[in-house]
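A closer look at the structure
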Amino acid sequence: MSMKFLSCNEASKFLTNQEKKDESYFMTLLKVVESTMGLYYSYDTDITLNLQRRFKLADGWMSKPIWKQADPRFVWNRNILEELIEKKVDGFIIPLIQGSFQTGLLKLKNSPATVTLISRRCTRRLGTRMWRRGANLEGDTANFIETEQLLEFEGARISFLQKSTCLQIRGSIPLLWEQIVDLSYKPRLNIIDHDQTSKVVERHFSDLCQRYGDILVADLTDKNGDEGRLSMAYAAEMEKLQNIRYVSFDFHHSCGNSNFDNIELLYDQIAEDFEKQGYFFIGKEGEVLSEQKGIMRTNCVDCLDRTNVTQSFLARKCLNSQLQRVGILSSTDCISMFSEDFEIFKNLWVDQGDEISLEYSGTHALKRDLVRYGKQTMAGMIKDGISALSRYYLNNFQDGIRQDAIDLISGRCDVNTSRPSSAQLNGFETFSYIPVASALLIGGLTVTSITLNQVGVAGRNAQTIVSSVICAGVTAGLMAVVKSNGRQICSKPRLCRLI
């Protein structure tokens, strides 16, 4: 629900002026960390592991303290637990995951069933929307999330994981690429030319295959513009990999203008492989009746909005199959035929999408109406517009500091008093430009509007018209200067490199 960092260092009284300045910045970052959303823990169960993996572990392993069972990829607070681990104070070591936890009760034909969504964010390339894109050299990708859809009824459990499906998973396109904010609404996307690119992709998918089995990839990016270039580069690398099926599906082209039903076009392409992956199923006696043999990896550019819509659709397909298998639904029934239960299911996915989006982009997810209603509504488009503007502001003027806070708490930034702090900047700090640029623009626009108003009052007075033209020209020039220096004006991280 909340967290608080307390300073216990008496030596802080004897810091140099530069160290005090650094300390002040680090304390600012910890204040940002205190507002971190989507953190979950359990005293009794290791929630970093999905159900199928927990069942495969030996009994001796499961008897260990929870932190020793945990999957280190998903332990958000691993770095700040290190000293407790060294001191072996197991009772105080509680792993946290960042992601989402949603649960709802279905009343299908008087056969109650509980659906739970657990999303786990990987910490290996943790960060904000614009400052963590693509992969690092080890093959870890930004916004990588494993989603487990758990169905419980009459003592049986069915596990459905997504990366973003049954297990599903999602994650940024595993190439080396960046999209540096520069005050543009949509900054240019840059694919980094590196001799390790193919190795990065290979490392990423090799790790996934070892963990999850067969991999089915759905790439939802556009086929034009910068996204098109990224998609083509991704497709070219995927052609080099054996035994991984890659499907490119231009979501905006196929499902735009409220044509959400066209998502079936994607399903038609992947249905056989997707259904072959199956799901994990435990019977009433605790026996394993089936295992999930592979995983669906879904991505767009952000791995938020289009990805969430697609994953919720695939999750619904799996849920229908599970409910039909246990006899709650007949072979001709589907969850959408039960309006109240279907509404609960859709809301789980909307809320999960919002929580994941808030953690990565700082705003609610877009395209929520496609999940909830299967089409865009006017109210939904207005909310999407507000969220898009909020993303623009946060990405340009807030996320640099937020990225530093994440790098600090995750241990990616090593604070060492024996060398100059990486928090030190040369020249002016980024945020010192923002008020100057804002004041110049607002002043120019104000003077221009006043002179234009005088033109309207005074008629076609030549001197007033010339003054208005000059003010408008100066304001336009100022805007051009600000735009050309956008990268210097925007908030950017200080502590770590992008890759």
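Description of the structure in this document.

The rules we used
Residues numbered from 1 in each chain as written. Predicted model: local features only at pLDDT ≥ 70, side-chain atom pairs only at ≥ 80, totals over all residues. Heavy atoms only, no water. Disulfide = S-S within 2.5 Å. 1 Å grid on protein atoms, 1.4 Å probe; cavity = no way out; pocket = protein on both sides within 12 Å on 5 of 7 lines; lining within 4 Å. Points joined across faces, edges and corners; volume = space filled by probe spheres on them. Helix = DSSP H or I, 4+ residues; strand = E, 2+ residues; numbered from the N terminus. Buried < 20%, exposed > 50% of the residue type's maximum accessible area, 1.4 Å probe, protein only. Pairing = 2+ DSSP bridges. Salt bridge = Lys/Arg side-chain N within 4 Å of Asp/Glu carboxyl O. Patch = residues over 30% accessible without salt bridge, like charges linked within 9 Å, V, L, I, M, F, W, Y side chains within 5 Å. Areas by Shrake-Rupley, 256 points an atom, 1.4 Å probe, with all protein chains shown as cover. Axes fitted to C-alpha atoms, helices over the stretch in contact; angles between N-to-C directions. Parallel < 35°, antiparallel > 145°, perpendicular 65-115°, else oblique. Contact = heavy atoms within 4.5 Å. Nonpolar A, V, L, I, M, F, W, Y, C, P; charged D, E, K, R; others polar.

Focus on the state of the cysteines
- For the structure on display, the rule yields zero disulfides.
- There is no disulfide at cysteine 413, and the cysteine sulfur nearest it, in cysteine 496, is 5.1 Å away.

Quick word on the layout of surface pockets
- Empty space within the second largest pocket amounts to approximately 630 Å³.
- Around the second largest pocket, the lining is made up of 31 residues, and of these Arg129, Tyr185, Lys186, Glu227 and Asp302 lie nearest the centre.
- Of all the secondary-structure elements, those providing two or more residues to the lining of the second largest pocket are helix 7 (225-238), helix 10 (305-325) and helix 13 (378-397).
- A total of seven residues in the lining of the second largest pocket trace back to one element, the largest contributor, which is helix 13.

Concerning the pairing of strand 4 (residues 145-153)
- In terms of burial, strand 4 is largely enclosed, as eight of its nine residues are buried.
- Sheet topology note: the strand 3 (residues 113-121)/strand 4 ladder contains eight bridges and is antiparallel. Following the sheet pairing, arginine 121 is matched in strand 4 by isoleucine 145.
- In this structure, strand 4 lies alongside strand 6 (residues 168-170), joined through two bridges in antiparallel fashion. Bridged to glutamate 146 within strand 6 is isoleucine 169.

What to know about the pattern of salt bridges
- Applying the stated criterion across every chain yields a total of 29 salt bridges.
- Residues glutamate 340 and lysine 107 are paired through a salt bridge, measuring 4.0 Å at the closest nitrogen-oxygen approach.
- Residue class for lysine 107 comes out exposed when judged on its relative accessible area of 51%.

Describing a nonpolar patch on the surface
- On the surface, Met378, Met381, Ile382 and Ile386 cluster together into a nonpolar patch covering about 420 Å² of accessible area.
- Mapped onto the secondary structure, methionine 378 falls in helix 13.
- Classification of methionine 378 as exposed rests on a relative accessible area of 58%.

Here we look at the packing of helix 1 (residues 17-34) against helix 14 (residues 399-409)
- Interhelical geometry of helix 1 versus helix 14 gives an angle of 90° and a closest axis separation of 8 Å. It follows that helix 1 is roughly perpendicular to helix 14 by the angle criterion. Contacts between helix 1 and helix 14 pair Tyr25, Phe26, Leu29, Leu30, Val32 and Val33 from the former with Ile401, Arg402, Asp404, Ala405, Leu408 and Ile409 from the latter.
- When grouped by side-chain class, the residues that make up the contact of helix 1 with helix 14 number 10 nonpolar, no polar and two charged.

Nothing here speaks to function; it is all geometry.
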